[in-house]
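Overview (structure and organization)
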Amino acid sequence: TKWVEIRVMDTGKGISENELDRVFEPFFTTNRQFGGSGLGLYICYNLVVSQLKGTIGCESHSGTGTTFNIHFPLKETADENHS
């Protein structure tokens, strides 16, 4: 099986260690006062795991930015199977 890897990184303020364990939980947000619902990463997690049959992880330290690593199997098209 071939896999797709997507890595998204930023150089922002990062996510604290106690928040990092909760980023994929529904309704968890540190941004509610600015309209955050806490559903964005929960939806991403469910799409990657349920629909793409993959994994998503998050690495971060306060003050150093955040990295999201997404892996899912590559689905071959009918054209690729016959070439």
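Residues numbered from 1 in each chain as written. Predicted model: local features only at pLDDT ≥ 70, side-chain atom pairs only at ≥ 80, totals over all residues. Heavy atoms only, no water.

Concerning the environment of T11
Tracing the backbone shows T11 in the loop between β1 (3–9) and α1 (17–20). Using a relative accessible area of 78% as the deciding quantity, one classes T11 as exposed. The spacing of T11 and E25 is 14 residues in sequence and 23 Å in space, taken between C-alpha atoms. (Helix = DSSP H or I, 4+ residues; strand = E, 2+ residues; numbered from the N terminus. Buried < 20%, exposed > 50% of the residue type's maximum accessible area, 1.4 Å probe, protein only.)

Regarding the pairing of strand β2 (residues 55–60)
Alternating positions in β2 separate cleanly, I56, C58 and S60 being buried on one face and T55, G57 and E59 remaining unburied on the opposite face. Pairing geometry for β2 and strand β3 (residues 66–73), over 6 bridges, is antiparallel. Opposite G57, over in β3, you have N69 as the bridge partner. Linkage of β2 to β3, two consecutive antiparallel strands, is achieved through a turn of 5 residues, within which G63 is found at a positive phi near 85°. (Pairing = 2+ DSSP bridges.)

Some details on the state of the cysteines
One pass over the structure, following the stated rule, counts 0 disulfides. Take C44: it sits in no disulfide, and the sulfur closest to it among the cysteines is that of C58, at 11 Å. Taking relative accessible area as the criterion, C44 reaches 36% and is therefore assigned partly exposed. Owing to a relative accessible area of 17%, C58 belongs among the buried residues under this scheme. (Disulfide = S-S within 2.5 Å.)

Details of the nonpolar core
Of all hydrophobic cores here, the largest spans 10 residues; its members are I15, L20, V23, F24, V48, I56, C58, F68, I70 and F72. In terms of residues, this core owes the most to one element, β3, which gives 3 residues. Excluding anything up to four places from it in sequence, I15 contacts L20, V23, C58, S60, H61, S62 and T66. (Core = buried A, V, L, I, M, F, W, Y, C linked by side-chain atoms within 4.5 Å. Contact = heavy atoms within 4.5 Å.)

Observations regarding unusual backbone geometry
In this structure, F27 is a non-glycine residue whose phi angle is positive, near 70°. In this structure, F27 sits in the loop between α1 and α2 (40–51). In this model, K53 sits at a positive phi of 60°, which is unusual for a non-glycine residue. Considering the arrangement of structural elements, one finds K53 in the loop between α2 and β2. Residue K53 is classed as exposed on the basis of its relative accessible area of 57%.

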